[in-house]
Amino acid sequence: MPKTIIEPFRIKMVEPIQMTTKQERIKLLKQAHYNTFLLQAKDVIIDLLTDSGTSAMSSAQWSAMMLGDESYAGARSWIKMEDSVKDITNYKYILPTHQGRAAERILYGHLGGKGKVFISNTHFDTTRANIEFSGAEAVDCLTEVGKNSATEHPFKGNLDIKKLNDTINDWGAKNVGAVILTVTNNSGGGQPVSMNNAKEVAQACKAHGVLFILDACRIAENSYFIKQREDGFENYTYKQIAQEMFSLADGCTMSAKKDAMVNMGGFLALNNDKLAEECTNLLIITEGFSTYGGLSGRDMEALAVGFQEVFDADYLHYRITSITYLGDKLNAMGVPIMLPVGGHAVYIDARKFYSHIPINQYPGQSLVCDLYEKGGIRSVEIGSVMFGKYDDKGDLIPAAMDLVRLAIPRRVYTQSHIDYVIEIFEELLKNRRKSKGIIITKETEFLRHFTAHFKRID
Ligand SMILES: *Cc1c(COP(=O)(O)O)cnc(C)c1O
């Protein structure tokens with residue numbers, strides 16, 4: 001078998017990348033106060049900040065957009081989106097939203113409130129925020145193996161069934177807003193959930209009479225892992241695997257900016273008549289009428305096509321193997337990463353990579369800065385800058401891990417771009433003891449990572 005991964009597409013429209021020199025980047029990063037969120041995108045060579053809304057659309061999606069029906073009610077484009085989403089999810093009611101968090105706000109805002117609890121393998125940050133904003137609590141019940149960055153396991157995204165049952169019993173089933181299975185588990189490193197685990201979650205939810213919702217942002221990538229790793233699915237198509245998983249739950253929320261390969265869009269899907277009616281009312285109040293929900297006709301056209309395209313076997317094979325390629329190369333070189341490699345990103349353990357930098361000098365942020373200065377690569381710290389807090393004495397309470405995420409946009413970069421990233425890591429590895437820590441010079445109380453200013457320690 002040839003080793004080179006051939007991108008299963010040809011490129012017919014290009015977006016130029018503006019090259020920069022190291023000297024220019026040192027200056028640009030200083031101007032951005034060592035916070036890569038404050039850089040202009042044009043000054044980035046390889047942008048691995050996020051895989052959300054950054055996909056390249058296909059010629060089929062672009063041509064569908066030209067057919068966008070912008071009617072207020074009952075547009076043809078809406079019918080296409082509804083048909084496409086129903087074909088895959090088989091849920092009775094599809095509610096369009098402008099992105100995933102809007103679906104979350106409607107559903108969890110409605111089901112939540114004081115005294116309620118939501119249980120997940122890991123709540124994604126917008127999911128948690130919407131739940132907590134309603135006054136409810138969000139409890140994570142990830143399996144123990146999922147919490148260890150170095151242990152290999154095929155399904156590190158699985159929800160711990162014992163913890164699930166215990167939590168439901170502790171709170172009482174009537175106080176459980178919903179059980180939310182996030183596939184793949186974004187905050188847990190893009191790790192997949194097995195079909196067997198989803199079945200056990202469904203059984204537990206049925207037994208207790210609680211609602212079971214899928215956070216389906218990366219369900220196609222999750223289906224790829226099931227076909228490769230779980231017995232009994234060898235002869236299924238990826239679409240059939242996703243359909244089976246959807247059939248286990250009572251509904252889903254979806255950010256179409258991930259596995260529906262659009263730059264903006266999402267939906268909420270439900271089976272329950274009453275719940276769907278209540279959510280539709282909320283949708284109309286804040287998002288838009290129930291046949292567009294904040295999306296233009298052309299957005300819905302692109303989503304209808306993208307949500308089918310993502311299940312293409314050649315695409316999914318390329319998608320997952322190209323991310324594994326990056327992870328395997330870094331791992332072989334001696335860069336400490338989260339294993340096994342997940343579905344949409346490679347996570348570097350910065351505490352191990354820069355073991356000479358104390359945790360309160362933010363080794364993750366230091367690596368983010370070095371990646372930009374050395375190679376013009378933009379990544380994001382997921383660690384003590386993002387989640388750190390202070391104790392009464394003003395000392396840092398660090399996050400559980402200091403990770404740096406390299407998220408790979410869909411269909412955007414080729415193998416040579418990725419080889420370039422690998423070369424930059426080779427250089428960083430050689431000089432890693434020279435890298436300096438970081439201090440925060442300015443920060444806000446909430447979500448400080450977006451706006452904070454930093455300084456290098458001399
Ligand atoms: C991105 C994401 C969301 C939120 O979706 P947005 O489109 O960014 O609002 C929710 N859950 C998961 C797992 C996600 O990755």
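These numbers come from a predicted model, not from an experiment. (Residues numbered from 1 in each chain as written. Predicted model: local features only at pLDDT ≥ 70, side-chain atom pairs only at ≥ 80, totals over all residues. Heavy atoms only, no water.)

1. With respect to the site of the ligand
This is how it is decided: The near set for a molecule or strand comprises every residue that places at least one heavy atom within 4 Å of it. For this analysis, a polar contact is any N or O atom pair within 3.5 Å, provided that within protein one partner can donate a hydrogen and the other can accept it, and provided that sequence-adjacent residues contribute only side-chain to side-chain pairs. Accessible surface is estimated by sampling points in the Shrake-Rupley manner with a 1.4 Å probe; for residues, cover comes only from the protein chains shown. Helix and strand labels come from DSSP, where a helix needs a run of H or I of at least four residues and a strand needs a run of E of at least two; each type is numbered from the N terminus. All amino acids are sorted into three groups, where Ala, Val, Leu, Ile, Met, Phe, Trp, Tyr, Cys and Pro are nonpolar, Asp, Glu, Lys and Arg are charged, and the leftover types, Gly among them, are polar.
In the vicinity of the ligand, 14 residues are found, and the nearest of them are Arg101, Asp215, Arg218, Ser255 and Lys258. Contact distances for the ligand include 2.9 Å between an oxygen atom and a side-chain N or O atom of Asn186. With respect to the ligand, the side chain of Arg218 contributes an N or O atom lying 2.9 Å from an oxygen atom. Considered on its own, the ligand offers 380 Å² of accessible surface; in the complex 97% of this is hidden by protein. Among the elements that make up the shell around the ligand, the one with the highest residue count is helix α4 (residues 100-111) (three residues). Along the lines of polarity and charge, the residues of the shell around the ligand split into two nonpolar, six polar and six charged.

2. Details of the environment of Phe454
What counts here: Residue burial is assigned from relative accessible area. The probe radius is 1.4 Å, only protein chains are included, and a residue is buried under 20% of its type maximum, exposed over 50%, and partly exposed in between. In this description, contact between two residues means that some pair of their heavy atoms is separated by no more than 4.5 Å.
Within the secondary structure, Phe454 sits in strand β16 (residues 453-456). Taking the relative accessible area as the measure of exposure, Phe454 reaches 3% and is therefore buried. In this structure, the C-alpha to C-alpha distance between Phe454 and Ala32, residues 422 residues apart in sequence, is 9.0 Å. Those residues in contact with Phe454 that sit more than four places away from it in its chain are His33, Tyr34, Asn35, Gln365, Val385, Ile438, Ile439, Ile440 and Thr441.

3. A look at the packing of helix α1 (residues 22-31) against helix α14 (residues 363-375)
The condition that has to hold: Angular values range over 0 to 180 degrees, each being the angle between N-to-C directions of two axes fitted as lines to C-alpha atoms, with helices fitted over their stretch in contact.
Where α1 meets α14, the closest approach of the two axes is 7 Å, and the angle between their N-to-C directions is 145 degrees. Every residue of α14 that contacts α1 at Lys22, Arg25, Ile26, Leu28 and Leu29 is listed here: Cys369, Tyr372, Glu373, Lys374 and Gly375. In terms of residue class, the contact of α1 with α14 is made up of five nonpolar, one polar and four charged.

4. Quick word on the side chain of Ser77
With respect to the helices and strands, Ser77 occurs in helix α3 (residues 76-89). A residue is classified by how much of its surface remains accessible, and Ser77, at 0% relative accessible area, is buried.

5. Details of the sheet that holds strand β5 (residues 176-182)
Spelled out, the test is: Here a strand pair is declared whenever DSSP counts at least two bridges between the two strands.
If you walk across this open sheet you meet the seven strands as β2-β8-β7-β6-β5-β3-β4, and the pairing is mixed. Edge positions in the sheet fall to β2 (93-97) and β4 (137-140), since each of these pairs with one other strand and no more. On average, each strand axis in the sheet is tilted by 20 degrees relative to the strand beside it, whichever way the strands run. Relative to strand β7 (residues 251-255), strand β6 (residues 212-215) is paired through three bridges, and the arrangement is parallel.

6. Considerations on the packing of aromatic side chains
How two aromatic rings sit relative to each other is given by the distance of their centres and the angle of their planes. Threshold: What counts as a ring pair is set by centres within 6.5 Å for rings of Phe, Tyr and Trp (its six-membered ring), and what kind of pair is set by the plane angle: stacked under 30 degrees, edge-to-face over 60, tilted for all other angles. Distance and angle both matter: a charge sits over a ring if NZ of Lys or CZ of Arg is within 6 Å of the ring centre and within 35 degrees of the ring normal.
Per the stated rule, a full pass over the model turns up 14 aromatic pairs. Between Phe37 and Phe450, the aromatic rings sit 4.9 Å apart at their centres with planes inclined by 70 degrees, giving edge-to-face as the arrangement. Of the two residues, Phe37 sits in the loop between α1 and β1 (46-47) while Phe450 sits in the loop between β15 (438-442) and β16, which places them 413 residues apart along the sequence. Judged by relative accessible area, which is 26%, Phe37 ranks as partly exposed. Ring centres of Phe353 and Tyr354 lie 5.0 Å apart, and the angle between their planes is 45 degrees; this geometry places the pair in the tilted category. Both residues of the pair, Phe353 and Tyr354, belong to the buried class. Clustering of aromatic rings is evident, with ring pairs tying together Phe9, Tyr315 and Tyr318. A cation sits over an aromatic face here: Lys258 above Phe124, 5.5 Å from the ring centre. The ring of Phe353 carries the charged tip of Arg432 above its face, separated from the ring centre by 5.1 Å.

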